[in-house]
Amino acid sequence: MLSLEILLHSVVTGLMNGAVYALVAMGLTLIFGVLHIINFAHGSLLMVAMYGVFFAVTLLGIDPYVTIPFMMALMYFAGYGLQRYVIGNAGQGRDTNILLITLGAAVVMDNLALYLWTGDTRQLQLDYMMTVVDLGFALIPVTRIIAFVAACALFVAMWLVIERTNFGRAMRAVAKEPFGARVVGIDVDRVYAQTMGIGTACLGAAAALLLPIFYVNPQIGNVFVLLAFTIVVLGSMGNIVGALVGGLLVGLVESVGGFFLGDRLGQVGIFVIFILILTFRPQGLFSARV
Amino acid sequence: MVRITTLALLLAAVPLFVQSNHLLGLFIAVLFSAYLAQSWNILGGLCGQFSFGHAAFFGVGLYSSLILQVDFGWPAPLALVSAAVAGAVTGLFVGFVSFRYGLRGSYFALVTLAFAEILRMTASVVSFTGAGSGKYLPTRLGIEHLQFSKSGYFYFILVLFVLVHLLVLAIQNSRLGARFAAIREDEEAASALGVDVFRYKMIAILISSAVAGVGGCFYGQYYFYTDPHIAFGAAVSIEMLLAPIIGGAGTLFGPIVGAVVLRVAAELGQSLTGGVPGFNLILYGIMVILIVRYMPDGLIGGLRRPWALMRRRPTATAG
Amino acid sequence: MLTTQGLTKRFGGLVAVRDASISANAGDITALIGPNGAGKTTLFATVAGFLKPDAGSVTFGGRDITGMKPHQICDLGMVRTFQIVKPFGKLSVLDNIAVGAYARFPRRQDALAHAAAIGRQVGLGGQLEKIAAGLTVAGRKRLEVARALATSPRLLLLDEVMAGLTPTEIDEIVPIIFGIRDTGVTILLIEHVMQAVMRLSDRAYVLNEGHLIAEGTPQEVVREPAVIEAYLGPGAATRAQSFASRNAS
């Protein structure tokens, strides 16, 4: 009986984590869908954002959830600049060049963080972090519930932007036919940079939601970037809804796998999924579409 | 051939003149980096398949060599051979998974990266790798144990270094190399001209990962220890790909140039900052961005271009 | 030499090639013509193994090769070129051609010697050491032909090797193609330049919107009303005819 309760608890936890993972993955899949590049710097940008939130809370005394709009704006410009002035400039459209540049940027950020902030793991201390909510079948920390709800809301907002706005239409046009989009007068390079900006802005929000339930250190990006890659592949590269489903699924596997096998092997389970998907269904569970 | 032999002979004389253990250690480190860089270069440079997780093959070789010697009592030379086999088997698996569906570019980089990470996590959990605390090799000096004095290790890695360069040279001057290059430049055109793209990519990853596995074995013999991070960490994969990229991927001497530059930069960084963690990698990261931006063919290609222009100019004016 | 039976290739809802049955006779130059988007290149790609047909079969030298991989088809003696040329940019012209030559000559010396000979045959003799990326458009087109020819094919599929060339350059490449034919290589070519088709080919097939609409000698097919309409639009054939009869009377 007790174990059933714990199982239920891990299912709920898994889904709640999964929503935040999905937010991280959405940024990645959006960038892949439009720019057709795999951004290896994605995890490092998340790490930087998490430090940003950490210092905003500890030095300025701002509530982590209040930082969300600011972090999103800051990360938008970081992503925009990265694409416009580094990747777009140095990549010259060659796939392998871009790969190397995003990798190089990741290496610089990770180790700069190590240099500036040391390898120590840091955690927030907030009075409401201990508060739990009784859902009837499980006791869930309020921070997880906030993360889940906010991630879902952001997801819907992002989806609306892509489906309903002119900017979203331009983005989809560029994703499908960059040359054709250029011909009809869309500033493709700008859309690329904006897409990178939005994809990175997702990380600003994800960082603020993650920090109260997680911790930060210079390697934290690797943990999430591989999770995000798995989600993106699982949900089909470039598919936004796929990222949500994939994120929830991965959160579930991690948490329930951890329940049965122990925490660390729960993580390995995710990568086994990754390899299985690539082996048997490399196009993912859905079809690719932005 | 002449250039490699000359280089080998010059290097072979180094221990006669260099007494400092530190300096000899630096030579070993450079040769070892160049060896690993050449392993990456076979797959990434010659055949154009960028692996971001070459540590997978290196680490499997390293662990298998240590485990076979320590837990199964295998003689070291046999462990060396099995490190090559273990690396190759891992490579074939990764290659099969990725190349069968024609995953290229980013996808392949991603699969290799993820694969190295899976191995790292697994190695830090399961017991036969010694989990998080790692694996030690007991000291047993003697050639039959492949354990040497400092200068002995120098000659050990020099032999490996020369062999891998002769291997690359032989590939470059054969049908195999021509087909690798064709795949790197344009897969579709290659297949139209009779190249079985999947098969040749598998051959490339087989050779490359076997070479990396042997490199893992050398590491074990030299440092007597590994843990999951040393064997499968991202830093290993990054160093293995950075050296050829910086020096010039797909060229014979690029990986050597890159390895020298990286090691010297690391050494300088170390002495300038007094060993601040991460500083080397910051330098590496900046270097790779600058190289890709300004010298996409690496230092060798970048320096060859003005040189070729200088040499061509007189004939151009004459013609 | 080559026969296709009811070859069909769909992309989603679009039928790029529908029920195409063509044949190329040994020793002939056969042309495949038609307006843009008619499905010529798709037909080529399907024949050469780059695309899997949804229906129909391809027979080459009496052997069913439907669904074979391009490299296997190349080994059997059929090779294609690409309309959008695909030089191995960083390799020299000689090394480019050698990739093709290695299909028949495993040893380096033999392959390089054969490649050099082929290079001279297509008029690239003076540029063998040049890096392929540095060639002119005409040079790249020749390289495309040379590489394919170096595989010693029995059947050569040429995809618009004259598109984008100046009239002078076309005049230079036409004898090269005849020369290849005279060494016993059967040729199937896609061409846009009608004048070239008239000069080169023994037989021609006309493809429009995925359908074969005419076949015969080039002189015959250009008189077919369906062909004229396909090229010039509906009603063009009748207008042309009435124009012709009015002039005649």
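Fair warning: this is a prediction, and the values are worked out from it, not measured in the lab.

Section: the overall build of chain A
- Helices and strands together make up the secondary structure of chain A, namely 11 helices and two strands.
- In chain A, the order of α-helices and β-strands from amino to carboxyl end is α-α-α-α-β-β-α-α-α-α-α-α-α.
- For 290 residues, the compact-globule estimate of 2.2 N^0.38 gives 19 Å, and the C-alpha radius of gyration of chain A, at 19 Å, lies within 12% of that figure.
- Oriented by its inertia axes, the alpha-carbon framework of chain A measures out at about 65 × 45 × 35 Å.
- The proportion of buried residues among the 290 residues of chain A is 52%.
- At a minimum sequence separation of 6, the contacts of chain A that also span at least 24 residues come to 78%.

A few points about the overall build of chain B
- Helix and strand content of chain B: 15 helices and two strands.
- Seen along its three principal axes, the alpha-carbon backbone of chain B occupies a region of about 70 × 50 × 35 Å.
- Of all 319 residues assigned to chain B, the portion counted as buried reaches 55%.
- A sequence separation of at least 24 residues applies to 77% of the contacts in chain B between residues at least 6 apart.

Considerations on helix 6 (residues 167-182) of chain C
Residue and element names in this part refer to chain C.
- Taking 1.5 Å per residue, 16 residues should reach 22 Å; helix 6 reaches 23 Å between its end C-alpha atoms and fits that length.
- Taken as a whole, helix 6 has its buried residues at Ile173, Ile177 and Ile180. Buried residues of helix 6 fall within an arc of 55 degrees about the axis and therefore sit on the same side. Facing away from the buried side of helix 6 by more than 90 degrees, the exposed set consists of Pro167, Thr168, Asp171, Pro175, Gly179 and Asp182.
- Buried residues along helix 6 sit against helix 5 (137-149), strand 8 (155-159), strand 9 (186-190) and helix 7 (194-200).
- Immediately beyond the C-terminal end of helix 6, within one or two residues, lies Gly184, with a positive phi of roughly 100 degrees.

Observations concerning the interface of chain A and chain B
- Across the contact, 33 residues belong to chain A and 33 residues belong to chain B.
- Elements with a minimum of two residues in the side of chain A that touches chain B: helix 3 (68-91), helix 4 (95-117), helix 9 (220-234) and helix 11 (263-280) of chain A.
- By residue number, the principal contributor to the side of chain A that touches chain B is helix 4 of chain A, which donates 15 residues.
- Per-class residue counts for the side of chain A that touches chain B are 23 nonpolar, eight polar and two charged.

What to know about the packing of helix 4 (residues 55-72) of chain B against helix 5 (residues 76-99) of chain B
Residues and elements named next belong to chain B.
- Taken N-terminus to C-terminus, the directions of helix 4 and helix 5 make an angle of 145 degrees; their axes are 8 Å apart at the nearest point. For the pair helix 4 and helix 5, the crossing hand works out as right-handed. When helix 4 is examined against helix 5, the residues Ala56, Phe57, Val60, Gly61, Ser64, Ser65, Leu68 and Gln69 are found in contact with a partner set consisting of Ala76, Ala79, Leu80, Ser82, Ala83, Ala84, Ala86, Gly87, Thr90, Gly91 and Val94.
- Among the residues forming the contact of helix 4 with helix 5, the class breakdown is 11 nonpolar, eight polar and no charged.

A closer look at the confidence of the model for chain B
Residues and elements named next belong to chain B.
- For chain B, per-residue confidence averages 89 on the pLDDT scale, and residues scoring 70 or more make up 93% of the total.
- Considering only residues more than four positions removed or in separate chains, one finds that residues 312-319, a stretch of pLDDT under 50, has zero contacts.
- Interface confidence for the predicted complex, expressed as ipTM, amounts to 0.90; the pTM equals 0.89.

Observations concerning unusual backbone geometry
- Even without being a glycine, Phe224(B) presents a positive backbone phi close to 60 degrees.
- The residue Phe224(B) is located in the loop between helix 10 (197-223) and strand 2 (225-226) in this model.
- Here Phe224(B) falls in the partly exposed class, since 14 other C-beta atoms lie within 10 Å of it.
- At Glu209(C), a residue that is not glycine, the phi angle is positive and equals roughly 45 degrees.
- Note on placement: Glu209(C) falls in the loop between strand 10 (203-208) and strand 11 (211-216).
- Owing to 15 C-beta atoms within 10 Å, Glu209(C) belongs among the partly exposed residues under this scheme.

What about the nonpolar core?
- Counting 289 residues, the largest nonpolar core has Ala22(A), Leu23(A), Val24(A), Met50(A) and Ile157(B) as the members making the most contacts within it.
- Examining the composition of this core, we find that 16 residues originate from one element, helix 1 (residues 2-35) of chain A, more than from any other.
- If sequence neighbours within four positions are ignored, Leu23(A) has contacts with Ala151(A), Leu154(A), Phe155(A), Cys202(A), Ala205(A) and Ala206(A).

A short note on the environment of Leu68(B)
Residue and element names in this part refer to chain B.
- Structurally, Leu68 is set in helix 4.
- In sequence terms Leu68 and Ala79 are 11 residues apart; their C-alpha atoms lie 6.3 Å from each other.
- Residues within four places of Leu68 in sequence aside, it is in contact with Trp74, Ala79 and Ser82.

Overview of the arrangement of the chains
- Out of two pairs of chains that touch, the pair holding the most contacts is chains A and B.
- When C-alpha atoms are compared, chain A and chain C, though not in contact, are closest at a spacing of 14 Å.

Things to note about the pairing of strand 2 (residues 14-20) of chain C
Residues and elements named next belong to chain C.
- Relative to strand 2, strand 1 (residues 2-11) is paired through four bridges, and the arrangement is antiparallel. Bridge pairing in strand 2 links Lys9 to Val17.
- Linking strand 1 back to strand 2 in an antiparallel pair, the connection comprises two residues, with Gly12 at a positive phi of about 60 degrees.

Remarks on the sheet that holds strand 9 of chain C
All names here are of chain C.
- Taken in spatial order, the six strands make up an open sheet running 7-8-9-4-10-11, and their pairing is mixed. The open sheet is flanked by strand 7 (78-80) and strand 11, the only strands paired with a single partner. Sheet twist, expressed as the mean angle between neighbouring strand axes with direction ignored, is 15 degrees.
- Of the strand pairs in this sheet, strand 4 (residues 29-33) and strand 10 are connected by four bridges, and their pairing is parallel. Residue pairing across strands places Ala31 opposite Ala204, the latter belonging to strand 10.
- Each of strand 10 and strand 11 touches helix 9 (residues 225-232); the most contacted strand, strand 11, lies at about 125 degrees to it.

Quick look at the interface of chain C and chain B
- On the side of chain B, 18 residues touch chain C, which itself brings 24 residues to the contact.
- At the level of elements, helix 2 (70-76), strand 7, helix 3 (93-101) and helix 4 (108-121) of chain C are the ones that each hand at least two residues to the side of chain C that touches chain B.
- Of the residues that constitute the side of chain C that touches chain B, the class distribution is 13 nonpolar, four polar and seven charged.

Regarding the packing of helix 3 (residues 21-46) of chain B against helix 13 (residues 254-273) of chain B
Residue and element names in this part refer to chain B.
- At a closest axis distance of 8 Å, the pairing of helix 3 and helix 13 adopts a crossing angle of 135 degrees. In terms of orientation, helix 3 lies oblique with respect to helix 13. Seen from above, helix 3 lies across helix 13 with right-handed handedness. Residues Leu26, Ala29, Val30, Ser33, Ala34, Ala37, Gln38 and Asn41 of helix 3 pack against Pro255, Ile256, Gly258, Ala259, Val260, Leu262, Arg263 and Glu267 of helix 13.
- By residue class, the composition of the contact of helix 3 with helix 13 is 10 nonpolar, four polar and two charged.

With respect to the pairing of strand 9 of chain C
Residues and elements named next belong to chain C.
- The element strand 9 is extensively covered by neighbouring structure, given that five of its five residues are classed as buried.
- Burial along strand 9 is two-sided: Thr186, Leu188 and Ile190 and Ile187 and Leu189, pointing in opposite directions, are all buried.
- With four bridges connecting them, strand 4 and strand 9 associate as parallel partners. If you follow Ala31 over to strand 9, its bridge partner there is Leu189.
- Summarising the sheet, strand 8 and strand 9 pair through five bridges and their orientation is parallel. Of the residues in strand 9, the one forming a bridge with Leu155 is Thr186.
- For the crossover from strand 8 across helix 6 to strand 9, the handedness is right-handed.

Rules behind the numbers
- Residue numbers run consecutively from 1 along every chain, following the written order of its sequence.
- Naming scheme: in the order in which they are written, chains are lettered from A and ligands are numbered from 1.
- Under the rules for a predicted model, residues below a pLDDT of 70 receive no local features and side-chain atom pairs below 80 are neither given nor counted, while totals for whole chains, interfaces and linings still include all residues.
- Put simply, DSSP marks the helices as runs of H or I at least four residues long and the strands as runs of E at least two long, and each gets a number from the N terminus on.
- Here the globule rule is a power law, 2.2 Å times the number of residues to the power 0.38, and the radius of gyration is based on C-alpha atoms.
- The burial label depends on the number of other C-beta atoms within 10 Å of a residue's C-beta. Counts of 20 or more mean buried, 12 or fewer mean exposed, and intermediate counts mean partly exposed, with C-beta atoms placed from the backbone.
- Once C-beta atoms have been placed from the backbone, residue pairs whose C-beta atoms lie within 7 Å are recorded as contacts.
- Take the number of residues in a helix, subtract one, and multiply by 1.5 Å to get its expected span.
- When we speak of the arc, we mean the arc of directions from the helix axis to the C-beta atoms.
- Each residue is assigned to one of three groups, with Ala, Val, Leu, Ile, Met, Phe, Trp, Tyr, Cys and Pro labelled nonpolar, Asp, Glu, Lys and Arg labelled charged, and all others, Gly among them, labelled polar.
- Fitted lines through C-alpha atoms give the axes, limited to the stretch in contact for helices. The angle between two N-to-C directions lies from 0 to 180 degrees.
- In a left-handed crossing the near helix is turned counterclockwise from the far helix by less than a right angle, and in a right-handed crossing that turn is clockwise.
- The pLDDT score gives, residue by residue, the confidence of the prediction method on a 0 to 100 scale.
- The term nonpolar core refers to a set of buried Ala, Val, Leu, Ile, Met, Phe, Trp, Tyr and Cys residues connected through C-beta atoms within 7 Å.
- If DSSP finds at least two bridges between two strands, the strands pair.
- For this classification, under 35 degrees means roughly parallel, over 145 means roughly antiparallel, 65 to 115 means roughly perpendicular, and everything else is oblique.
- When the strands point away from the viewer and the path from the first strand over the helix to the second turns clockwise, the crossover is right-handed.

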